[in-house]
Each structure stands twice: as C-alpha cells, then as structure tokens.
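# Residue-level structural notes
What follows is the residue order along each chain.
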Amino acid sequence: MTPIQAPFPATRLRRLRASAALRDLAQENHLSVKDLIWPVFVTDVPGADVEIASMPGVARRTLAGTVAAAEEAARLGIPAICLFPYTDPALKTEACEVAWDENNLVNRTIRAIKARVPEVAIMTDVALDPYNANGHDGLVRDGIILNDETNVALVKMALAQADAGADILGPSDMMDGRIGAMRAALEAAGHTNVAILSYAAKYASAFYGPFRDAVGASGALKGDKKTYQMNPANSDEALRLVARDLAEGADMVMVKPGMPYLDIVRRVKDAFGAPTYAYQVSGEYAMIEGAARAGWVNGDAVMLESLMAFRRAGCDGVLSYFAPRVARALAAR
Ligand code: PBG
C-alpha cells in the first residue's frame, strides 16, 4: 500500500490527532475484552494457594477459587480461561501418568467449571512438565527428550481433557507431529468440535522464569528446553512451524513469548491469515507489574499499551495474566 498524500501544508498529519473525537475516528486498532484469554494457576496442595512471589498480584487458586475465576471471567465478558496446574511434587513421576488421569486436578476443574459457567471457554495446557519428575515437557530417557513416545502420552492427555469438557487444547510442548496425532485422535473419539490452539512458535525463553515458580517446575527442571523450544535468534523457522501445524489440523496458532516477539506475530499473520494469538508470558507480566509497584511506570497505562501492541502486530487475541484488570479498565472507560 502506497499512501497518497499532498505536500505540506495541504497535508498536516496532526489534523487527525487534534481532538479525542478525531483520534477515535482515525484509530486503526482496538482492544476489547473479547480479545483476552486469562491464564489461571490451580492447585490442590494444602497451603499452596498463595500469591506467587515473582508474579505479584497473581495467586495460585484452589479448585473452588478457579471456578470463582471462571465466574468472574463470565461477569467481565472474558471469553476464555486457560488452566495450569501446580502439582504436588509427590505425584510427579518419570512416566507422567497423572497427565492423562481423568480425575487429575485439571480435569476435575474443567468439569466443575463446565457445571457452573459453561459459556466460558476452557483452554488447557498439553505438555508433561507439571507431572514430570524432571520438569521437561516430554518424556526423558538417558537425558534425551523423546519425541514420538511423548506424542503418545500427549494424545492420551489431550483426550482426557477433551472428555472432561475442554474447549481449546493448547499443546505447548513443541514435539514434532503432535498436532496431527491429536487431531486424528480427537476425530476418532468424536470430539469434532474441540479446537487446537498450537503453541506453534514457542521460543526457549528466559521470560518463562516466574511461570516455572508458579507451577513449581523451577526446582524440577534438569537442563534447559533448547532441544525442543525455538532458538530466539530464528524467525523463518517460526513460519515453517506454523505452516506445519496448520497443515496438521491446528485451528489457531500462537507465538510465545509475546512482546519481544511481535515481529514474529506480524510475519505469521501476514503469511497465513490464520487466527493468531500470542502469550504475554509471566516474565513480561513481572516486568510491567514490578516496575508499576516500584512507581517507575503507570501500571494500568503500560498494561493497556502493551496489549494494544499485540493487537497492532496482528494478534486476534492475547493470553495475559492482566486479563481481569484489563477487562475492568476497559469497562471503566
Ligand atoms: C510449559 C509451559 C510454559 C509456559 C506455558 N506452558 C513454560 C515452559 O515452557 O517452561 C510459560 C508461560 C509463562 O511464562 O507465563 N508447558
């Protein structure tokens, strides 16, 4: 697109910025409560439902507290919440069997939410790390993260979540071939309307630090996730991953982290035009909230500006720990 414009003074770009009304009319992008997915941490470990030190303002919730969060989402108009479990370390094993237990905490929470507020969409995390004695997203043998064996486990986990009533499955594991395997299994099981939001371009990022505290994975993790998560230096590879996951049956795709990777969002949206999401991850939340609490930035203003940046970059929606605060801030306008 080549904008045509007369030379100054016929063109004065400040004209459309001169009043709030004109600025509103000329605004290109909009942020709505309908663009938000709210990630929530759920636990049944006694005493663990406390604020997370590295994520001030975010607490782990009990099952009942998570149902209350879903009810709050419904009241605020937030379309979806995303569940992440903090698992009792005693339940973590190398085989990760709790991941596909139909009565694990996440699956019980899904059923409880669906019984109370069925209109709120529930997104899940499909990855083994909350249940894995060594903290990895996949099964580990002799220090190697196994791809194909992990896919078998992920399919069982995905089916259990779909059976419990999950609306959107979020494979965050970065194994090759898992989207196709899950989609085939969902179709075979009659779960034809369960959506897959693939964490297609997920980078091996230090911005996940506070999340690993929140789900209790920081201590468990042996080594790093660089053999499956992406190299932050790469961009073309993200397009190959997104193309692959869409071709395997993903309905929606995600770029993660968010704000440091908005160039990737723009490339993905332009290349495929698919429903595109990004995750404003725990470290991004912590930076904004930490600076706000120190009095260094205006927290609400920076929060809203950061989310508008996701929209401008091409995101259809954003996973953000700020979701309920954004909803309230937008409603107050
Ligand atoms: C793991 C998972 C991670 C996040 C979501 N799912 C962390 C990781 O890959 O180690 C990060 C979310 C955040 O930082 O807010 N399956």
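Above this text you will find the structure in question.
Residues numbered from 1 in each chain as written. Predicted model: local features only at pLDDT ≥ 70, side-chain atom pairs only at ≥ 80, totals over all residues. Heavy atoms only, no water.

Another point: the overall build of the chain. A count of helical and extended segments in the chain gives 11 helices and 12 strands. Compactness check: the chain gives a C-alpha radius of gyration of 20 Å against a globular reference of 20 Å for 333 residues, within 12% of the reference. Projected onto its principal axes, the C-alpha coordinates of the chain cover approximately 70 × 40 × 40 Å. Evaluated residue by residue, the chain yields a buried proportion of 53% over its 333 residues. Within the chain, counting contacts between residues at least 6 apart in sequence, those at least 24 apart form 77% of the total. For the chain, the accessible surface area stands at approximately 14700 Å², while carbon and sulfur atoms represent 55% of it. Taken as two groups, the 35 positive and 39 negative side-chain charges of the chain have centres that lie 8 Å from each other. (Helix = DSSP H or I, 4+ residues; strand = E, 2+ residues; numbered from the N terminus. Rg over C-alpha atoms; globule rule 2.2 N^0.38 Å. Buried < 20%, exposed > 50% of the residue type's maximum accessible area, 1.4 Å probe, protein only. Contact = heavy atoms within 4.5 Å. Areas by Shrake-Rupley, 256 points an atom, 1.4 Å probe, with all protein chains shown as cover. Lys, Arg positive; Asp, Glu negative; His and termini not counted. Charge placed at Lys NZ, Arg CZ, Asp CG, Glu CD.)

Turning our attention to the packing of aromatic side chains. What the rule picks out here adds up to 10 aromatic pairs. Aromatic side chains Phe 84 and Tyr 279 sit 6.3 Å apart centroid to centroid with 40 degrees between the ring planes, which places their arrangement in the tilted category. With Phe 84 in strand β4 (residues 80–86) and Tyr 279 in strand β11 (residues 276–280), this pair connects stretches of sequence that are 195 residues apart. With relative accessibility at 2%, the residue Phe 84 sits in the buried group. When its relative accessible area of 1% is taken as the criterion, Tyr 279 is described as buried. Considering the side-chain rings of Tyr 279 and Tyr 321, the 6.0 Å spacing of their centres and the 45 degrees angle between planes classify their relative orientation as tilted. Highlighted residues: Tyr 279 in strand β11 and Tyr 321 in the loop between β12 (317–320) and α11 (323–331), separated in sequence by 42 residues. For the pair formed by Tyr 279 and Tyr 321, the shared burial category is buried. The ring of Tyr 208 carries the charged tip of Lys 202 above its face, separated from the ring centre by 5.5 Å. The lysine or arginine in question, Lys 256, covers the ring of Tyr 208, its NZ or CZ lying 4.6 Å from the ring centre. (Phe/Tyr/Trp six-rings, centres within 6.5 Å; stacked < 30°, edge-to-face > 60°. Lys NZ or Arg CZ within 6 Å of the ring centre and 35° of its normal.)

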